[in-house]
Amino acid sequence: MNEATVRQIPPATTLTMRAIDAVDRAHARAASAIHAVRSDLIATLERRLERAEQLASTAIDRARKGVKRADVASADAVNRTQGVVGRALDKARASRAPS
């Protein structure tokens, strides 16, 4: 037989090293895929949290504006009532004053 046509069987250590290398490559690919999924998940969660924060902020701003409008309206009502009562008191005093 010709030496070129004879296939040599690799020693057991070579097969073991190839198996270890294959496991190492698979491990690296799996870790890379897991990190990619994790990164995508975190990015999605961050976007959703930002959106929730915007919505909450908008709701709080609207509530504050509503409180401000209620405050202005109530202050106006108190001032008008005070004016009406003051005029009524002035009329009552004028009608009771000795002539």
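See the structure shown above.
Rules behind the numbers
Per chain, residue numbering runs from 1 following the sequence as it is written. In keeping with the predicted nature of the model, local features appear solely for residues at pLDDT of at least 70, side-chain atom pairs appear and are counted solely at 80 or more, and the whole-chain, interface and lining totals rest on all residues. To get the side-chain values, take all heavy atoms of the structure and skip hydrogens and water. Comment: elements are numbered from the N terminus, with helices defined as DSSP H or I runs of at least four residues and strands as E runs of at least two. Burial status follows relative accessibility: with a 1.4 Å probe on protein chains alone, a residue under 20% of its type maximum counts as buried, one over 50% as exposed, and anything between as partly exposed. Reported accessibility uses the Shrake-Rupley method at a 1.4 Å probe radius. Residues are deemed covered only where the shown protein chains occlude them. The salt bridge criterion pairs a side-chain nitrogen of Lys or Arg with a carboxyl oxygen of Asp or Glu, the two atoms within 4 Å. Like charges are joined within 9 Å and nonpolar side chains (Val, Leu, Ile, Met, Phe, Trp, Tyr) within 5 Å, but only among residues with over 30% relative accessible area and no salt bridge; these make up the patches.

### Digging into the overall build of the chain
Alright, step 1. A count of helical and extended segments in the chain gives 1 helix and 0 strands.
Alright, step 2. Counting only residues that meet the buried cut, the chain has 0% of its 99 residues in that class.
Alright, step 3. As presented, the chain carries roughly 9300 Å² of accessible surface, and 60% of it is formed by carbon and sulfur atoms.

### Section: the pattern of salt bridges
Alright, step 1. The final tally for this structure, using the stated rule, is 2 salt bridges.
Alright, step 2. A salt bridge links Asp90 to Arg93, with the shortest nitrogen-to-oxygen separation between them at 3.9 Å. Taken together, the residues span about one helical turn, with Asp90 and Arg93 both in helix α1 (residues 12–96) at a distance of 3 residues.

### Let's talk about a nonpolar patch on the surface
Alright, step 1. The grouping of Leu41, Ile42 and Leu45 at the surface amounts to a nonpolar patch, some 270 Å² of accessible area in total.
Alright, step 2. One can find Ile42 in helix α1.
Alright, step 3. Taking relative accessible area as the criterion, Ile42 reaches 42% and is therefore assigned partly exposed.

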